[in-house]
Structures are given as structure tokens and as C-alpha cells.
Amino acid sequence: EGGRAIFANIRKYLMFLLGSNIGEIGLMAGAALFGLPPPLTAVQILYVNLATDGLPALALAVDPADPSLAGRPPRDPRTGIFTRTVVMLMLVSGVWSALVNLGLFAWALNSGRDAAQAMTMTFVSLVLIRFFNAYSFRSDRLSVLYRPFANKWLNLAIGWELLLLAAVVYVPFLQAPFSTFALTLDDALLVLATAATILPVMEIAKAVARSRPAA
């Protein structure tokens with residue numbers, strides 16, 4: 001059971017980090033492809049990669065084992081970490097993150113908001129999608145609603161990261177180095193709703209994975 005839990009947590013850790021990076025790369029590449037200005041500054045990219053990803057990824061590495069883990073059939077030793085299901089979930093997560101954030105950035109620019117406002121909305125949305133994904137990637141087949149807050153370390157990590165994100169966006173002396181702009185309540189709710197779309201998308205992807213025979 002301990003060995004299976006370690007293997008499962010390595011997979012969760014990698015799904016979270018690689019899926020998040022696919023979304024970030026897709027966002028930057030998409031903006032360049034469509035002739036849009038960069039949606040994130042270099043400092044924002046560093047913040048996402050160094051500050052946002054670190055603690056949730058470490059928390060996933062110590063995720064509590066599923067109670068049914070020991071009762072499952074043995075895993076084929078020839079099967080690696082990157083199964084069809086794992087690769088599909090990483091791609092779905094990354095591609096959807098890139099699409100919705102690119103769409104949000106383009107819409108914000110076309111709605112009359114300046115570049116700082118559009119970049120801040122995209123930055124916050126990208127970070128929130130990573131937080132939602134951290135909970136979704138606790139399992140590659142089970143719903144995010146199954147024991148959603150069983151990992152206390154993940155809850156603490158996300159709570160702390162939300163405080164840091166709020167400080168970066170709303171504390172005046174942090175706005176200049178991070179090129180952020182204080183979001184209005186309407187913009188903040190719009191960003192939250194945009195980021196939350198990742199949850200039903202991942203639930204559909206997991207349902208498809210459950211309907212297919214295990215690799």
C-alpha cells in the first residue's frame with residue numbers, strides 16, 4: 001500500500017506540473033501566433049513557476065492514499081507513469097488553460113481595458129486554474145468531489161498562495177514590480193468564473209477515462 005501510494009503521488013505531482021506548464025507555454029505561444037502583446041511579464045512568469053507551483057506540488061507529493069488503493073488489482077509492471085489517461089488529462093488541462101486565458105486576454109484588450117488590466121486578469125486566471133488543477137489532479141479517474149479536502153497540506157498551501165496572490169494584486173508597493181492592477185469586484189468574479197471552467201472540463205475528461213478500459 002505504501003509503495004502504491006508513493007507511485008500514485010509521483011504521478012499526481014508530475015501531472016500537476018507538466019499540465020500547468022503546457023497551459024503556460026500554450027498561452028505565450030498563442031499570443032505570439034495571433035499577434036497579441038505578451039499576456040504575462042517575465043516577473044509574472046517567474047512568480048507562477050517559482051511561487052505558485054512549488055507548495056501545491058509538494059503537497060501533492062504527500063497526498064493521503066485512497067482507502068481503496070490496497071484492494072485494487074496489481075499494476076502491470078511494464079506500465080510507466082505516463083499512461084494514456086495521464087497524458088490525456090495533462091493535454092486537456094494544458095490546452096483548455098491556454099485557450100481560456102488567451103481568450104480572456106484578447107477579450108480584455110478589446111473591451112477597452114489597458115494592457116496592465118488585461119495582463120493582471122490573465123495572470124490571476126492562470127494562477128487560479130493551477131489551484132483548481134491541484135485538487136483535480138489528486139486522482140486521474142476519481143471526481144474532484146471525492147474527498148476534495150482530504151489533503152490538509154494542499155489546503156494550507158492553496159490558502160497561503162491565495163493570500164500571496166491577493167497581496168501581489170492589491171498591495172500598492174507590490175503592484176509596480178509585478179506589473180499588476182487592482183481588479184474590480186466584477187473583474188475578479190469574471191476571472192474566477194473563467195478559471196473555474198477547468199473543473200467541469202476535467203470532470204468530463206475523467207469520465208471519458210473511466211469509460212475506457214485501463215491501459
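Above this text you will find the structure in question.
Residues numbered from 1 in each chain as written. Predicted model: local features only at pLDDT ≥ 70, side-chain atom pairs only at ≥ 80, totals over all residues. Heavy atoms only, no water.

*Asks:* Before we go on, may I ask you to explain the nonpolar core in this structure?
*Replies:* General note: in soluble globular proteins, nonpolar side chains tend to be found buried as a group. One finds Phe123 and Val124 to be the most contacted residues of the largest nonpolar core, which totals 47 residues. Broken down by secondary-structure element, the contributors of at least two residues to this core are helix H1 (2-33), helix H2 (42-52), helix H3 (54-60), helix H4 (84-110), helix H5 (115-136), helix H6 (152-170), helix H8 (185-196) and helix H9 (198-211). Considering each element in turn, this core owes the most residues, 12 residues, to H5. (Core = buried A, V, L, I, M, F, W, Y, C linked by side-chain atoms within 4.5 Å. Buried < 20%, exposed > 50% of the residue type's maximum accessible area, 1.4 Å probe, protein only. Helix = DSSP H or I, 4+ residues; strand = E, 2+ residues; numbered from the N terminus.)

*Asks:* Looking at this structure, how should I read H2?
*Replies:* Spacing of three or four residues puts side chains on the same side of an α-helix, whose turn is 3.6 residues. Listing the buried residues of H2 in full gives Gln44, Tyr47, Val48 and Thr52. Axial view of H2: buried residues confined to an arc of 95°, hence all on one face. The exposed residues of H2 that point more than 90 degrees off its buried face are Ala42 and Leu50. Buried residues along H2 sit in contact with H1, H3, H5, H6 and helix H7 (172-178). (Arc of directions from axis to C-beta. Contact = heavy atoms within 4.5 Å.)

*Asks:* Whenever I open this one, the environment of Pro39 confuses me. Can you help?
*Replies:* By secondary structure assignment, the location of Pro39 is in the loop between H1 and H2. With 84 residues separating them along the chain, Pro39 and Phe123 place their C-alpha atoms 7.8 Å apart. In contact with Pro39, other than residues within four places in its own chain, are Leu27, Met28, Ala31, Gln44, Phe105, Met119 and Thr122.

*Asks:* Explain the packing of H1 against H2 here, please?
*Replies:* Working note: a packed helix pair is described by the angle between its axes plus the distance between those axes. With their axes 12 Å apart at the nearest point, H1 and H2 run at an angle of 170° to one another. Taken together, the axes of H1 and H2 are roughly antiparallel relative to one another. Within the contact between the two elements, H1 uses Asn21, Glu24 and Met28 and H2 uses Ile45, Val48 and Asn49. Of the residues contributing to the contact of H1 with H2, the split by class is 3 nonpolar, 2 polar and 1 charged. (Axes fitted to C-alpha atoms, helices over the stretch in contact; angles between N-to-C directions. Parallel < 35°, antiparallel > 145°, perpendicular 65-115°, else oblique. Nonpolar A, V, L, I, M, F, W, Y, C, P; charged D, E, K, R; others polar.)

*Asks:* Please explain the pattern of salt bridges as it appears in this structure.
*Replies:* Two side chains of opposite charge can pair, provided their charged atoms sit close to one another. What the rule picks out here adds up to 5 salt bridges. The salt bridge partner of Asp63 is Lys12, with a shortest N-O separation of 2.6 Å. Of this pair, Asp63 sits in the loop between H3 and H4 while Lys12 sits in helix H1, and the two are 51 residues apart along the sequence. In this structure, Asp63 and Lys12 share a single accessibility class: buried. In this structure, the salt-bridge partner of Asp63 is Arg138, at a minimum N-O distance of 2.8 Å. Taken as a pair, Asp63 in the loop between H3 and H4 and Arg138 in the loop between H5 and H6 lie far apart in primary sequence, 75 residues in all. Across the pair, Arg138 and Asp63 agree in class, each one buried. Where salt bridges share partners, they join Lys12, Asp63 and Arg138 into one cluster. (Salt bridge = Lys/Arg side-chain N within 4 Å of Asp/Glu carboxyl O.)

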